[in-house]
Amino acid sequence: MLPSFYQPILSKYLSSTQLITLKMLVWLLQSQKQVKIERLAATLPLPIQQNSRRRHLQRFLKSKYMVNVLGLRLCLKTVKLVAII
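Residues numbered from 1 in each chain as written. Predicted model: local features only at pLDDT ≥ 70, side-chain atom pairs only at ≥ 80, totals over all residues. Heavy atoms only, no water.

## Quick notes on the overall build of the chain
A count of helices and strands for the chain gives six helices and zero strands. The order of helices and strands in the chain, counted from the N terminus, is α-α-α-α-α-α. Sequence separation of 24 or more characterises 35% of the internal contacts of the chain that already satisfy a separation of 6 or more. (Helix = DSSP H or I, 4+ residues; strand = E, 2+ residues; numbered from the N terminus. Contact = heavy atoms within 4.5 Å.)

## Concerning the side chain of Ser63
Relative to the helices and strands, Ser63 resides in the loop between helix H4 (50–62) and helix H5 (64–69). Look at Ser63 and you get buried, because its relative accessible area is 15%. (Buried < 20%, exposed > 50% of the residue type's maximum accessible area, 1.4 Å probe, protein only.)

## A short note on the confidence of the model for the chain
The predicted model of the chain averages 76 in pLDDT, with 76% of residues at 70 or higher. Of all secondary-structure elements in the chain, the lowest mean pLDDT belongs to helix H6 (residues 72–78), at 52, while H4 reaches the highest, 87. (pLDDT = per-residue confidence, 0-100.)

## Describing the nonpolar core
Counting 17 residues, the largest nonpolar core has Leu10, Leu14, Leu22, Leu25, Leu57 and Phe60 as its most contacted members. No other element matches the six residues that helix H2 (residues 16–31) contributes to this core. Other than its neighbours up to four places away in sequence, Phe60 contacts Gln18, Thr21, Leu22, Leu25 and Met66. (Core = buried A, V, L, I, M, F, W, Y, C linked by side-chain atoms within 4.5 Å.)

## A few points about H4
Here H4 spans 18 Å end to end across 13 residues, near enough to the 18 Å set by a 1.5 Å rise per residue. For H4, the set of buried residues is Arg53, Leu57, Phe60 and Leu61. For H4, the arc enclosing every buried residue in end-on projection is 95°, short of the 170-degree limit, so these residues lie on one face. (Expected span 1.5 Å × (residues − 1). Arc of directions from axis to C-beta.)

## As for H2
Across its 16 residues, H2 extends 23 Å between first and last C-alpha, which sits within 8% of the 22 Å expected from 1.5 Å per residue. All buried positions along H2 are accounted for by Leu19, Thr21, Leu22, Met24, Leu25, Val26 and Leu28.

## Here we look at the environment of Lys64
Structurally, Lys64 is set in helix H5. Overall, the relative accessible area of 55% leaves Lys64 in the exposed class. Measuring from C-alpha to C-alpha, the distance between Lys64 and Tyr13 comes to 10.0 Å, with 51 residues separating the pair along the chain.

## Quick notes on a nonpolar patch on the surface
Nonpolar side chains collect at one region of the surface, where Phe5, Tyr6, Ile9 and Tyr13 lie side by side and expose about 410 Å² of accessible area between them. Positionally, Phe5 belongs in the segment before helix H1 (7–13). Given a relative accessible area of 55%, Phe5 falls into the exposed group. (Patch = residues over 30% accessible without salt bridge, like charges linked within 9 Å, V, L, I, M, F, W, Y side chains within 5 Å. Areas by Shrake-Rupley, 256 points an atom, 1.4 Å probe, with all protein chains shown as cover. Salt bridge = Lys/Arg side-chain N within 4 Å of Asp/Glu carboxyl O.)

Structure representation (C-alpha cells):
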C-alpha cells in the first residue's frame, strides 16, 4: 500500500475515486508477477466488465495528474506499462 505521508500530497491532486484506484493499482502491482494491462484489469476488484476495467485503467494512467504532476511515468517505465500509454 501507499505510505501514509503520501496521502495529503496525493489528495491535493486526485479525487477520492482516483486515490482509491491508485491504491488498488499499487496493491496489484505488488502482488502480480506479470504486469500487463489485461492482467491488471482481470484482477482489479471493480464491479464492471473486464473491458471496462481495462479502459478505466488506461484513462487513469493517461490522466494529466498521473503523468505530469505526480511524475508516475518514470515509475511506469520501471514496470513496463509505458507501452500502453
